[in-house]
Amino acid sequence: MSRLIVGALVLGVGAGLLLHYQFASNREEIVAVLDTVTHLFLNLIKMVIAPLIFATIVSGITGMAKAKGLGSLFARSMVWFVSASLLIGTYGFLAAHVMGVGGGLGLTPAAGGSGIETEPVTPATFVEGLVPQSFIEALASNKPIQILVFSMFFGVALLAIKSAGGGSRLADAIDELTDVMLKVTGYVMTLAPIGVFTAVAAALTAEGVGAFATYGSLIAGFYTALAGLWAALIAVGALFLGRGMLRLITAVREPMFIAFSTSSTEAAFPKMISSLTSYGVDRRTTGLILPLGYAFNIDGSMMYMTFASVFLVNAYEIDMPVTQQILMCLVLLVSSKGMAGVPRGALVIIAAVVPGFGVPAAGVALLLVIDQLLDMGRTATNILGNAIAVAVLGRNTAGTAPQETPQTTQGRVPAAAPQPLH
């Protein structure tokens, strides 16, 4: 499958450039058709996300021997995620200043807004958005954080009942639901090469290589900084996993290709579960940590938000004190924790935050032109960061799942025999 996805990526680039330059008069119609196919694939992915998150989290919690172990795993995960966000956000801020991105452009503020619909981002709205008013509404709207919160309450309650001698049938039923959803996911993922091809072809049909020429310095600077971040993430992973880091990269290369080509972390979520399980992390542990990571551990997006904000400050030659810029980046950090599942979430958060610090809202429209090209890189980075986090945090639980016979695993995404992750 990974070869098919890589092939689809390459063909998408070639087809997109051909369509852009040979069918200029029908370009919009062609992009509309390609986008329709891409959206159909992404809708199939979104169809399985909500029940899959619910089932894997609840199954993971009820599979824990003690609630104490669950609390420890949750605490370690949150410490990792918050620390990573602070460090990576700082890295993006410093990298942008060292490279001087946007310097010398001398842009003049123009009338108008950013062209992006936003709502005021405050700590209060973020906290209120954590808890669903209705679990059914959260499922229907595909709100990962709200599904996560309800599922954790539900799982802990079911674990308490199970520990008291009841609830076993419901726990078994949810385990079966997890198996069914993974099977459905397998069917959906067979269409991944088609979704990858149309997503890449649509982007290049619309923009061609013109965006590279116009915004070359920003694109080159961002991907250079991103390469440095990848090196740092891999080094941290190797520090904990040793040679297992190479196996991890091999295991998750397919979901990373999917995320890169579709610019969607959701598209890679189902494949991430099976990839990390085949790597050797207990599926229940993956089911607990990965949804948390999707909500709180967005390494690529965090770096992009601080990097792009400095670009706008430099491009408009705004005399903003460093302390004020740091405060702006901290607000971006907090605001980003509510962006899970939001299309173009990083750009939406930038559009909502930076105008409050004197950056022209219309400047965000500059980023919108090339956001697809930048979003591909930051989304793949989000996947890599979460893969490392799950592998490191779950390394002590690898191989702890009960042994199962082939009959009990019917319909489940196959997992390789547990192996030491060091």
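The sections below set out a description of the structure shown in this document. Here the structure is a predicted model, which is why all the values come from computation and not from measurement.

A tally of helices and strands in the protein yields 17 helices and zero strands. When burial is assessed residue by residue, the protein has 51% of its 422 residues classed as buried. Of the roughly 18500 Å² of accessible surface on the protein, 66% is carried by carbon and sulfur atoms.

Another point: the pattern of salt bridges. All chains considered together, the criterion is met by two salt bridges. The partner of Glu254 in a salt bridge is Lys271, and the shortest N-O contact between them spans 3.7 Å. Note that Glu254 is positioned in helix H11 (residues 244-262) and Lys271 in helix H12 (residues 265-279), a separation of 17 residues in sequence. Owing to a relative accessible area of 11%, Glu254 belongs among the buried residues under this scheme. Assessed through its relative accessible area of 22%, Lys271 is described here as partly exposed.

Right, let's get into the packing of aromatic side chains. Here the distance between the centres and the angle between the planes together describe a pair of aromatic rings. Tallied over the entire structure, the rule returns 10 aromatic pairs. Consider the rings of Phe222 and Tyr223, whose centres lie 5.5 Å apart with planes at 80 degrees: the pair is edge-to-face. The class for Phe222 is buried, based on a relative accessible area of 0%. Judged by relative accessible area, which is 28%, Tyr223 ranks as partly exposed. When the ring of Phe222 is compared with that of Phe307, the centres are 5.9 Å apart and the planes differ by 65 degrees; the resulting orientation is edge-to-face. Taken together, the positions of Phe222 in helix H10 (residues 216-241) and Phe307 in helix H14 (residues 299-315) put the pair 85 residues apart, joining distant regions of the chain.

We now examine the environment of Val348. By the secondary structure assignment, Val348 is in helix H16 (residues 345-353). Residue Val348 is classed as buried on the basis of its relative accessible area of 19%. Put simply, Val348 and Val364 are 16 residues apart on the chain and 9.1 Å apart in space, counted from C-alpha to C-alpha.

In this fold, Thr38 is placed in helix H2 (residues 27-62). Reaching out from Thr38, the side chain makes a polar contact with the backbone oxygen of Leu34 at a distance of 3.0 Å. Ignoring sequence-local partners within four residues, the contact set of Thr38 consists of Gly195, Thr198 and Ala199.

Leu248, Tyr304, Leu312 and Ile350 are the most contacted members of the largest nonpolar core, which has 115 residues in total. Those residues in contact with Leu248, other than ones at most four positions away along the chain, are Leu241, Leu276, Tyr279, Ala387, Ile388 and Ala391. Grouped together as the second largest cluster of nonpolar side chains are five residues, Leu19, Leu34, Ala201 and Ala202 included.

Further remarks concern H14. Its 17 residues give H14 an end-to-end C-alpha distance of 24 Å, which sits within 8% of 24 Å, the value for a rise of 1.5 Å per residue. The buried fraction of H14 amounts to 16 of the 17 residues, a majority that puts the element mostly inside the structure. In the stretch just after H14, Glu317 is the one whose phi turns positive, near 50 degrees.

Here is what the cut-offs are and how they apply
Residues numbered from 1 in each chain as written. Predicted model: local features only at pLDDT ≥ 70, side-chain atom pairs only at ≥ 80, totals over all residues. Heavy atoms only, no water. Helix = DSSP H or I, 4+ residues; strand = E, 2+ residues; numbered from the N terminus. Buried < 20%, exposed > 50% of the residue type's maximum accessible area, 1.4 Å probe, protein only. Areas by Shrake-Rupley, 256 points an atom, 1.4 Å probe, with all protein chains shown as cover. Salt bridge = Lys/Arg side-chain N within 4 Å of Asp/Glu carboxyl O. Phe/Tyr/Trp six-rings, centres within 6.5 Å; stacked < 30°, edge-to-face > 60°. Polar contact = N/O pair within 3.5 Å; in protein donor to acceptor, adjacent residues only side chain to side chain. Contact = heavy atoms within 4.5 Å. Core = buried A, V, L, I, M, F, W, Y, C linked by side-chain atoms within 4.5 Å. Expected span 1.5 Å × (residues − 1).

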